[in-house]
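Fold and geometry: a report
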Amino acid sequence: MTDPIQRPSLDVSSYQPAAGGIAARARAAAGPAYLSGLNPEQRDAVETLDGPVLVLAGAGTGKTRVLTTRIAHILSTGRARPAEILSVTFTNKAAREMKLRLGQMLGQAVEGMPWLGTFHSIGGRILRYHAELVQLTSNFTVLDTDDQIRLLKQLLAADNIDDKRWPARMLAGLIDGWKNRGLTPSQVPAGEAAMFGNGRGGKLYAQYQERLKILNAADFGDLLLENIRLFREHPDVLRQYQNRFKFILVDEYQDTNVAQYLWLRLLSQTPSSPSPILRDAALRAAPQDEGADDEGSASTDPVPHPEERGQSPRVSKGEAGTPTPSGPPKNICCVGDDDQSIYGWRGAEVDNILRFDHDFPGAKVIRLERNYRSTGHILAAASHLIAHNEGRLGKTLRTEDVDGEMVTVTGAWDSEEEARAIGEEIEQLQRQGHALNEIAILVRASFQMREFEDRFVTLGLPYRVIGGPRFYERAEIRDALAYLRVINSPADDLAFERIVNVPKRGLGDATVQMLHDHARKRRMPLFEAARMVIDTDELKPKARSSLRGLIENFERWQVQRDALAHTELAEIVLDESGYTEMWQKDRSADAAGRLENLKELVRSMEEFENLQGFLEHISLVMDRDGGADEDAVSVMTLHSAKGLEFETVFLPGWEEGLFPHQRALDEQGRAGLEEERRLAHVGITRARKRAKLYFATNRRIHGTWNTTIPSRFLDELPAANVEITESKGGSGWGGMSGYGPSRFDNVESFGSSYSTPGWQRAQAQRGRSGGGSNGGRSGGFGESGASYSSGSARRAPFTIEGELVAKSTGTDSAFSLDDRVFHQKFGYGHVTKIDGNKLTIAFDKAGEKKVVDSFVERV
DNA sequence: TGTGGAATTGCCCTT
DNA sequence: CAATTCCACA
């Protein structure tokens, strides 16, 4: 395949408005200020307000800019008021970004964009307005995965299903999948429903939904699915929203799943269409339907299954299923890039974007192919890589930027050296004056992040982990929230159960079991049951008085709730419940951090009006935006990097089995591989100036060391744009520690091709040292006789002492030997060695580590 | 009922 | 190698 990259550096037609053609210039001159600086395609996407529009926006082509400018355009032309525009994104981050940019564009006038948000937050909001119609009340709780699992465990236990053989996690996964596909319990195909628990899967799903209603709770999937049900069962409500939203904008359309698609479809019908039933029929039209509305609908299967949608060559133009029987087509604008579809495993249907013009007849398709982000080499590498995928809509990204630095590929001995090498490169960039904010490390799997954290702590290099363990998922936060949830909604059994015995109150399993029985018998919440039980003698005196104390606490708090500010209430609750005390007494390493988190929680409550408002949002706002101000390296997964860009991007872990991930390959086959490849494409295109790829020869998986092969994606990069470099961090390997020469010693002899002896030899060495796992990829390497000396599977006992000495400041440390110290991450320990500002500390739990002194405090 | 140690299992990506 | 769960015992 030919190089898909063209770099029309001579084609100056429109990159800069000033150099544009006469017509373009005239328009630019005529239009309002916010339109200037757009290229013709972008401008087209902004100005085409009527009818459906699909914008295929490759990486770095100004997608967000188009979306926000389009909103600005709608508003300033008076076509709609802010509250009449529905604008959905996937992440809160994206929503926030749009609000920010819109604010900059329009002045301060963004206050009134109530319907700009994520699918889930908007779905949740609509659901709260009409909660009674779906058997909830407006203060319903949004359950997270943990609550979900616990609930399912209870159901499994009640049904005597062995949760060894049928784990609750698995059922949660199945239910999630069904909800992603828009399937209510009765719509799940019989075959699938039978897959779990000897045919009881479907029944369990139904039971689960019932329990949710009793608990006045919804899970994440419900925020959309129940919304769809609401719209289906109450056409008048639907019509209300159809009327309200004059314009719909969707970001990252390639990532929409079936439920989201259905939701959008419902909202994008014009309200004047005939009957709700017909509309529904149109909606569900599968290719064979030929317009016949089987509205009597044996209702087994009202929703087209994604499988069907995927396989059949569905687009026989003008066939049935076209929406909008009457009235003008809705003004819906979807923006996406099929090459950045990386959420297939979560139920996203690339198909949605591939068949947009079928769903929305007469759709105008606009391609944005001018990349304003990356240099020539980076774009060429990314494009060449993604060209290995089949079934793309096919875009050709172009840049007018210079070639810049080549993409680099670096091998490291193991993941630790990989981290060390990257750390070194970062420090070098830092010395050259590059901002750390412009540097990111993008990993495939989150467990890779630890290695970098450890290394950066040692170096004293500021970093921030983005999207790591979520703030609200931490045990202490969930505990604190559970207390507040019980106060807010005493029927929240899950929350109550979570904290009855936290901190320990002598209310163990036996007591809880008893409460459960009681509650079930009288069909009342646990809290109610507890209140009753303390007046009987069914409990031992000790447990009884303990439980009474708890209940009385809650009753008091419930009263105080109305009298006090919610932040104050939270402090009182954490204090009086003994929860804070519990952690204060705890001497383990992370106790201090947990207390800090609790403070942070209370602090974050200030932004909300009241307790109810806070609880509503906390479950949806997943990302904490921790101090983005200070200059720090960003560490995150490839998935959460989508939509971001950095000057320099490090991409470690390009090894078979990790990237592409083995499980993606096993479970999804070729589709999985292609999704992984898109992920690789996303990774490379995050970089503006430097993309640096790494692979390690040895990696620890599951605690055991494995020898790995470089990723096939490395082979798929265009040789002309890639440079193979030597690992710089390695005081360890290379000449120094008995491994013989580095594979990359002789870089020049490589020429620029991977088929050179050097490269093959490198591969061979790796393939040979046959650890366990590599499931043999095609061939070529491996057997040919590499002739390296032995012992390559063993790690050298090298140290990094020299490096540290060389860097240490030589100034006296504020610490002395044997000082007792505390470290945020590693906990307590004592100083065993001092070297300038670098300390060696023997931690009680974490073992011996080298740490910069500013990271610890004396205790 | 609470505790500590043994056993076990999972490390993909997330709204 | 983790964090989590299980299990025997106080």
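Residues numbered from 1 in each chain as written. Chains lettered and ligands numbered in written order. Predicted model: local features only at pLDDT ≥ 70, side-chain atom pairs only at ≥ 80, totals over all residues. Heavy atoms only, no water.

For chain A, the name recorded in an unreviewed UniProt entry is DNA 3'-5' helicase, with Rhodopseudomonas pentothenatexigens as its organism. In its Sequence similarities (unreviewed entry) section, the UniProt entry covering chain A states "Belongs to the helicase family. UvrD subfamily." Regarding chain A, the relevant UniProt record gives this comment under Function (unreviewed entry): "Has both ATPase and helicase activities. Unwinds DNA duplexes with 3' to 5' polarity with respect to the bound strand and initiates unwinding most effectively when a single-stranded region is present. Involved in the post-incision events of nucleotide excision repair and methyl-directed mismatch repair." (UniProt positions renumbered as here; feature names shortened; annotations may be inferred.)

Topic: the overall build of chain A
Scanning chain A from terminus to terminus reveals 33 helices and 23 strands. The proportion of buried residues among the 859 residues of chain A is 55%. Look at the contacts in chain A between residues 6 or more apart in sequence, and 75% of them connect residues 24 or more apart. Accessible surface computed for chain A: about 36,400 Å², of which carbon and sulfur atoms make up 51%. (Helix = DSSP H or I, 4+ residues; strand = E, 2+ residues; numbered from the N terminus. Buried < 20%, exposed > 50% of the residue type's maximum accessible area, 1.4 Å probe, protein only. Contact = heavy atoms within 4.5 Å. Areas by Shrake-Rupley, 256 points an atom, 1.4 Å probe, with all protein chains shown as cover.)

Re the state of the cysteines
Within the structure shown, the criterion is met by zero disulfides. Cys334 provides the cysteine sulfur closest to Cys333, a residue in no disulfide bond, and the two sulfurs are 6.8 Å apart. (Disulfide = S-S within 2.5 Å.)

Things to note about the protein's contact with DNA strand B
Around DNA strand B, the surrounding shell holds 24 residues, and the nearest of these are Phe90, Arg444, Ser446, Phe447 and Ala510. Expressed as a percentage, the sugar and phosphate content of the atoms of DNA strand B within 4 Å of the protein is 58%. Here His120 contributes a side-chain N or O atom positioned 3.2 Å from a base oxygen of DNA strand B. With respect to DNA strand B, the side chain of Thr511 contributes an N or O atom lying 3.1 Å from a phosphate oxygen. (Near = heavy atom within 4 Å. Polar contact = N/O pair within 3.5 Å; in protein donor to acceptor, adjacent residues only side chain to side chain.)

Focus: the UniProt feature "binding site: ATP" (unreviewed entry) in chain A
UniProt tags Ala57, Gly58, Ala59, Gly60, Thr61, Gly62, Lys63 and Thr64 as "binding site: ATP" (unreviewed entry). Assignment of secondary structure puts Ala57 in strand 1 (residues 53-57). Relative accessible area serves as the criterion here: at 2%, Ala57 is assigned to the buried category. Setting aside residues no more than four positions away along its own chain, Ala57 makes contact with Lys63, Val335, Gly336, Asp337, Gln340, Leu368 and Lys395. Secondary-structure assignment places Gly58 in the loop between strand 1 and helix 3 (63-76). Since its relative accessible area comes to 3%, Gly58 is described here as buried. Other than its neighbours up to four places away in sequence, Gly58 contacts Asp337, Gln340, Leu368, Lys395 and Leu397.

Comments concerning the sheet that holds strand 6 (residues 247-250)
Ordered in space as 3-2-6-7-1-8, the six strands form an open sheet in which the pairing is parallel. The outermost strands of the open sheet, each flanked by one partner alone, are strand 3 (116-118) and strand 8 (364-368). Averaged over neighbouring strand pairs, the angle between their axes works out to 15° when direction is ignored. Relative to strand 8, strand 1 is paired through five bridges, and the arrangement is parallel. Pairing of Val53 across the sheet is with Lys364, part of strand 8. (Pairing = 2+ DSSP bridges. Axes fitted to C-alpha atoms, helices over the stretch in contact; angles between N-to-C directions.)

Here's the deal with the pattern of salt bridges
Pairing between side chains of opposite charge can happen when the charged atoms of each approach one another. Under the defined criterion, the tally for this structure stands at 61 salt bridges. Between Asp359 and Arg265 there is a salt bridge whose closest N-O contact spans 3.2 Å. Of this pair, Asp359 sits in helix 16 (residues 356-359) while Arg265 sits in helix 12 (residues 258-268), and the two are 94 residues apart along the sequence. One exposure class covers both Asp359 and Arg265, and it is buried. Measuring nitrogen to oxygen at the nearest pair gives 2.6 Å for the salt bridge that ties Asp339 to Arg392. (Salt bridge = Lys/Arg side-chain N within 4 Å of Asp/Glu carboxyl O.)

Some thoughts on helix 2 (residues 40-47)
All buried positions along helix 2 are accounted for by Gln42, Arg43, Ala45 and Val46. The buried side chains of helix 2 occupy one side of the element, clustering within an arc of 160° when seen end-on. For helix 2, the capping residue at the N-terminal end is Asn39, with a side-chain oxygen 3.0 Å from the backbone nitrogen of Glu41. (Arc of directions from axis to C-beta.)

Quick look at the pairing of strand 11 (residues 407-414)
As a general feature of sheets, a regular strand has side chains that alternate between the two faces. The buried fraction of strand 11 amounts to eight of the eight residues, a majority that puts the element mostly inside the structure. Two strands pair when backbone bridges link them, and strand 11 and strand 18 (residues 722-725) are joined in this way by four bridges, in the parallel orientation. Directly across from Val407, in strand 18, lies its bridge partner Val722. In the sheet, strand 11 pairs with strand 16 (residues 687-701) via six bridges, with the strands oriented parallel.

Some points on the packing of helix 3 against helix 4 (residues 92-106)
Where helix 3 contacts helix 4, the axes come no closer than 10 Å and their chain directions differ by 50°. Taken together, the axes of helix 3 and helix 4 lie oblique to each other. Both helix 3 and helix 4 take part in a crossing whose hand is right-handed. Residues Thr64, Arg65, Leu67, Thr68, Thr69, Ile71, Ala72 and Leu75 of helix 3 form the contact with helix 4, whose participating residues are Glu97, Met98, Arg101, Leu102, Met105 and Leu106. Taken together, the residues of the contact of helix 3 with helix 4 break down into eight nonpolar, three polar and three charged. (Parallel < 35°, antiparallel > 145°, perpendicular 65-115°, else oblique. Left-handed = near helix turned anticlockwise from the far one by under 90°. Nonpolar A, V, L, I, M, F, W, Y, C, P; charged D, E, K, R; others polar.)

A look at the packing of aromatic side chains
The tally for this structure, following the rule as stated, stands at 25 aromatic pairs. Seen in terms of ring centroids, Phe608 and Phe614 are 5.5 Å apart; in terms of plane orientation they differ by 70°. Their pairing is edge-to-face. Taken together through their ring pairs, the aromatic side chains of Tyr483, Phe496, Phe527, Phe554, Trp557, Tyr579 and Trp583 make up a single cluster. Lying over the aromatic face of Phe140, Arg128 brings its terminal NZ or CZ to 4.1 Å of the ring centre. (Phe/Tyr/Trp six-rings, centres within 6.5 Å; stacked < 30°, edge-to-face > 60°. Lys NZ or Arg CZ within 6 Å of the ring centre and 35° of its normal.)

Here's the deal with unusual backbone geometry
Looking along the chain, the bond that leaves Val502 and enters Pro503 is cis, with omega of 0°. By the element assignment, Pro503 lies in the loop between helix 21 (493-499) and helix 22 (509-522). The omega torsion of the bond from Phe659 to Pro660 falls at 5°, within 30 degrees of zero and hence cis. When you line up the elements, Pro660 lands in the loop between strand 15 (646-651) and helix 30 (662-684). Located in the positive-phi region is Gln135, a residue other than glycine, with phi close to 60°. Within the secondary structure, Gln135 sits in the loop between helix 5 (119-129) and strand 4 (141-142). Taking the relative accessible area as the measure of exposure, Gln135 reaches 46% and is therefore partly exposed. A positive phi angle is found at His702, which is not glycine, with a value near 65°. The residue His702 is located in the loop between strand 16 and strand 17 (704-707) in this model.

Overview of the side chain of Glu369
If you trace the backbone, Glu369 turns up in the loop between strand 8 and strand 9 (370-371). Given a relative accessible area of 15%, Glu369 falls into the buried group. Within the structure, the side chain of Glu369 is placed 3.0 Å from the backbone nitrogen of Thr396, a separation counted as a polar contact. Once you skip the residues sitting within four places of it in the chain, Glu369 turns out to touch Thr61, Lys395, Thr396, Leu397 and Arg398.

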